[in-house]
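Architecture and fold: a report
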Amino acid sequence: MIDHESSAVAGMPPQVREPRIQLLSPPPNSAKGLINQFLEWFGELGIFFWHVVRAAVTPPFEFRELFRQLDEIGSKSLPLVALAGAATGVVLSLEARYSLTRFGAKSLLPAAIVFSVIHETGPIITGLVVSGRVGAGIGAELASMKVTEQIDAIEASAVNPYRLLAATRILACILMLPLLTLAADCCGLIMGWVTQAMVEPVSLHQFINAGFSGADFNDFLPPTFKTAVFGLIIGLIACFQGMRTQGGAAGVGRAATSSVVLSSLFVILADVVLVKLIILFFP
Amino acid sequence: MDTIEQIAIDPAEAEQIGSAPVIAVEDLHKSFGSQNVLDGVSLAVKRGETLAVLGRSGTGKSVLLRVIIGLETPDSGSVRIHGQAIAGLALDQLGEIRKKMGFLFQHAALYDSLTVAQNVAFPLQHHKKNMPKSEKADRVRQLLAEVGMEDALAKMPSDISGGMQKRVGLARALALEPDILLLDEPTAGLDPISSGEIDDLVLKLQQEHHMASIVVTHDLHSAKTIANRLALLDQGKVVIEGNFEELQKSDIEFVKEFLKHS
């Protein structure tokens with residue numbers, strides 16, 4: 001951390017302010033300090049979210065930037081998400097085959113793969129892969145813009161940065177996560193079938209029929225759409241961490257790291273809650 | 001005989017004839033932690049006038065500009081633009097006032113993912129949505145020509161020098177035809193020839209557009225060239241305000257010291 005005097009001497013903008021609460025900064029000495037730090041971070045996150053919501057629902061709408069972000073977050077994450085989904089399908093097929101054969105339930109293999117992929121592995125793998133790729137990208141990009149005064153320049157040009165930068169990215173994450181989850185699910189199921197077919201010939205038609213027998217929309221829609229919440233978490237945390245960055249290149253690095261770590265952590269925690277709610281409301 | 005009501009003029013009219021300040025800063029205080037950066041600063045700038053704010057590094061000059069444009073919130077005191085206080089305004093309301101203001105950042109702050117032309121077009125894209133594309137392109141070319149950068153349309157900010165970046169920053173600041181121009185260290189870090197060119201450019205723009213301007217600088221030569229009045233800031237306070245001759249006549253020790261080393 002540099003002080004204000006040395007920042008000014010170095011000709012840098014007056015970036016140094018009261019120290020911001022960093023959830024991943026060294027913990028304070030007391031438990032009370034830790035709780036205060038945690039609550040302050042959440043408070044600032046809440047205020048940031050309020051600014052974003054207010055900016056998102058009032059004109060002018062930034063459609064051009066939204067479409068650019070849909071491409072950046074959606075299309076460009078597709079290969080990675082598809083690959084991760086496919087690998088998960090292979091691993092699930094191998095593991096499930098071994099376990100089910102041991103317990104004499106080999107006939108349940110297609111259903112085990114389908115349910116595992118659609119209910120949990122597809123959504124959570126997508127959430128984690130996107131939080132890694134997109135979370136780091138958004139965090140680093142916005143942090144770099146912040147420390148080079150580009151966000152201030154946007155504001156000075158009478159453009160609302162919450163609307164242009166944050167709302168568009170968060171909305172793109174919310175919209176693209178369910179679509180990317182579908183892609184991960186498809187790749188996982190296809191590779192699950194391929195892996196099984198290599199050991200014991202079975203057609204895709206038979207595999208799908210056996211896998212989806214007894215499944216209904218409640219097995220499919222809520223787990224897929226819960227990833228919209230993951231998208232909200234990833235976009236919100238990455239934008240928040242990026243736009244509050246301080247301290248030059250080191251700050252940019254910290255913002256990128258904390259965006260990934262915090263968004264992954266909160267995606268996993270949200271998954272616990274969402275799974276419970278889905279079981280409760282869509283039995 | 002005219003009554004007081006009859007001879008009273010509205011603020012906009014007063015600005016037009018140059019009697020009312022376009023920028024009015026009153027008793028501004030701002031601190032970061034325990035450091036008092038601005039400690040009761042008061043300034044006023046009328047239409048067509050350029051005020052240079054001088055001072056040592058770290059005395060709050062840049063913070064003063066950031067407070068005026070609303071990028072920083074003061075602890076106390078007020079900033080009035082065209083008579084309207086900016087304190088407590090929502091971001092979008094503040095945006096309406098900022099449309100009348102151009103701001104040149106110390107490091108130009110060009111958008112590094114956009115070309116020079118796109119940087120200058122940025123305010124037009126967002127605030128002149130009804131302007132035809134060809135007209136926008138013409139306006140961008142005209143602005144870049146005004147700052148002598150018409151050949152750099154397609155270049156990225158990383159491909160041009162610091163002085164050129166400042167010229168582009170200046171063109172972007174002028175895109176919405178502001179009536180207030182805030183310049184943060186326009187010549188800092190530039191060689192003497194580039195500094196002179198920027199000074200001449202600012203002077204030319206001032207004469208053509210008659211804006212109210214505040215120029216933050218620690219370059220006395222530049223301040224003398226482009227400003228009508230100078231204000232010297234020390235430890236967050238305005239030590240002296242006046243023209244260069246008034247500064248030279250001052251008995252204040254800090255003023256003498258500053259002029260001696262400039």
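Residues numbered from 1 in each chain as written. Chains lettered and ligands numbered in written order. Predicted model: local features only at pLDDT ≥ 70, side-chain atom pairs only at ≥ 80, totals over all residues.

The subject of this paragraph is the overall build of chain B. Scanning chain B from N- to C-terminus turns up eleven helices and ten strands. For 262 residues, the compact-globule estimate of 2.2 N^0.38 gives 18 Å, and the C-alpha radius of gyration of chain B, at 19 Å, lies within 12% of that figure. Seen through its C-alpha atoms, chain B measures out along the principal axes to roughly 55 × 50 × 40 Å. (Helix = DSSP H or I, 4+ residues; strand = E, 2+ residues; numbered from the N terminus. Rg over C-alpha atoms; globule rule 2.2 N^0.38 Å.)

Per the secondary structure count, chain A includes ten helices and zero strands. The burial tally for chain A puts 44% of its 283 residues in the buried class. Long-range pairs, those at least 24 residues apart, make up 84% of the contacts in chain A between residues at least 6 apart in sequence. (Buried ≥ 20, exposed ≤ 12 C-beta atoms within 10 Å, placed from the backbone. Contact = placed C-beta atoms within 7 Å.)

Confidence along chain B averages 86 in pLDDT terms, with 93% of residues attaining 70 or more. Counting contacts from residues 1-9 of chain B, a segment whose pLDDT is below 50, to residues more than four positions away or on other chains yields two contacts. (pLDDT = per-residue confidence, 0-100.)

Residues and elements named next belong to chain B. Within strand S8 (residues 212-216), five of the five residues are buried, which leaves the element mostly enclosed by the surrounding structure. A two-sided burial pattern is seen for S8, the buried positions comprising Ala212, Ile214 and Val216 on one face and Ser213 and Val215 on the other. Sheet topology note: the strand S3 (residues 50-55)/S8 ladder contains four bridges and is parallel. Looking across to S8, one finds that Thr50 is bridged to Ser213. As defined by bridge partners, strand S7 (residues 180-184) adjoins S8 across five bridges and the pair is classed as parallel. Within S8, the position partnered with Leu182 by the bridge is Ile214. In the classification by handedness, the crossover that spans S7, the intervening helix H8 (residues 192-209) and the parallel S8 is right-handed. (Pairing = 2+ DSSP bridges. Right-handed = clockwise from strand over helix to strand, strands pointing away.)

Residues and elements named next belong to chain A. Confidence in the prediction for chain A averages 87 pLDDT; 90% of positions are at 70 or higher. Helix H1 (residues 4-9) is the least confidently modelled element of chain A, averaging 36 in pLDDT, while helix H7 (residues 161-199) averages 95, the highest of any element. The low-confidence segment residues 1-19 (pLDDT under 50) makes 37 contacts with residues lying over four places distant or belonging to another chain.

All names here are of chain B. Taken in spatial order, the six strands make up an open sheet running S6-S7-S8-S3-S9-S10, and their pairing is mixed. The strands lining the two open edges of the sheet, one partner per strand, are strand S6 (101-104) and strand S10 (237-242). Adjacent strand axes in the sheet meet at a mean angle of 15 degrees, parallel and antiparallel pairs treated alike. (Axes fitted to C-alpha atoms, helices over the stretch in contact; angles between N-to-C directions.)

Now for helix H6 (residues 133-146) of chain B. All names here are of chain B. An ideal rise of 1.5 Å per residue puts 20 Å on 14 residues; H6 measures up with 20 Å between its terminal C-alpha atoms. Listed in full, the buried residues belonging to H6 are Val140, Leu143 and Leu144. For H6, the angular spread of the buried residues around the axis is 95 degrees, confining them to a single face. Opposite the buried face of H6, at more than 90 degrees from it, the exposed residues are Ser134, Glu135, Asp138 and Ala145. On the buried face of H6, the contacting elements are helix H5 (116-127) and helix H7 (162-173). Just downstream of H6, Gly148 is the residue with a positive phi angle, here 70 degrees. (Expected span 1.5 Å × (residues − 1). Arc of directions from axis to C-beta.)

All names here are of chain A. Between helix H5 (residues 109-147) and helix H9 (residues 217-243), whose axes approach to 8 Å, the crossing angle comes to 15 degrees. The pairing of H5 with H9 is recorded here as roughly parallel in orientation. Crossing hand, H5 versus H9: right-handed. Looking at the contact of H5 with H9 residue by residue, the classes come out as 15 nonpolar, ten polar and four charged. (Parallel < 35°, antiparallel > 145°, perpendicular 65-115°, else oblique. Left-handed = near helix turned anticlockwise from the far one by under 90°. Nonpolar A, V, L, I, M, F, W, Y, C, P; charged D, E, K, R; others polar.)

This part is about the sheet that holds strand S2 (residues 35-46) of chain B. All names here are of chain B. The strand order S2-S1-S4-S5 describes an open sheet built from four strands, whose pairing is antiparallel. Taken across any chain shown, the strands that pair with only one partner, and hence form the sheet edges, are S2 and strand S5 (84-85). In the sheet, strand S1 (residues 21-32) pairs with strand S4 (residues 76-81) via five bridges, with the strands oriented antiparallel. Across the sheet, residue Glu26 finds its bridge partner in S4, namely Ser78. On top of the sheet, helix H3 (residues 61-68) reaches S1, S2 and S4; it is set at about 120 degrees to S1, its chief contact.

Cys239 of chain A together with Ile68, Val120, Leu182 and Ile214 of chain B are the most contacted members of the largest nonpolar core, which totals 127 residues. Ranked by the residues each element gives to this core, the list is headed by H7 of chain A, at 16 residues. Each residue touching Val120 of chain B, except ones within four places of it in the same chain, is listed here: Val140, Leu143, Leu144, Val168, Ala171, Arg172 and Ala175 of chain B. Within the second largest apolar cluster, eleven residues are counted, among which are Leu109, Val114, Val117 and Phe207 of chain A. (Core = buried A, V, L, I, M, F, W, Y, C linked by C-beta atoms within 7 Å.)

Residues and elements named next belong to chain B. One ladder, built from two bridges, connects S4 with S5; its direction is antiparallel. Within S5, the position partnered with Arg80 by the bridge is Ala85. The turn linking S4 back onto S5 is made up of two residues, and His82 within it adopts a positive phi angle of 50 degrees.

Another point: unusual backbone geometry. A cis amide bond links Pro59 of chain A to the next residue, Pro60 of chain A, at an omega of 5 degrees. For Pro60 of chain A, the position within the fold is in the loop between helix H2 (31-57) and helix H3 (63-74). Here the phi dihedral of Ala109 of chain B falls at roughly 55 degrees; this positive angle occurs in a residue that is not glycine. Checked against the element boundaries, Ala109 of chain B lands in the loop between S6 and H5. For Glu177 of chain B, which is not a glycine, the phi torsion comes out positive at approximately 50 degrees. Looking at where Glu177 of chain B falls in the secondary structure, it is placed in the loop between H7 and S7.

Looking now at the environment of Ile234 of chain A. Residue and element names in this part refer to chain A. Assignment of secondary structure puts Ile234 in helix H9. Assessed through the 34 C-beta atoms surrounding it within 10 Å, Ile234 is described here as buried. Those residues in contact with Ile234, other than ones at most four positions away along the chain, are Val130, Ser131, Val134, Gly135, Cys173, Ser263 and Val267.

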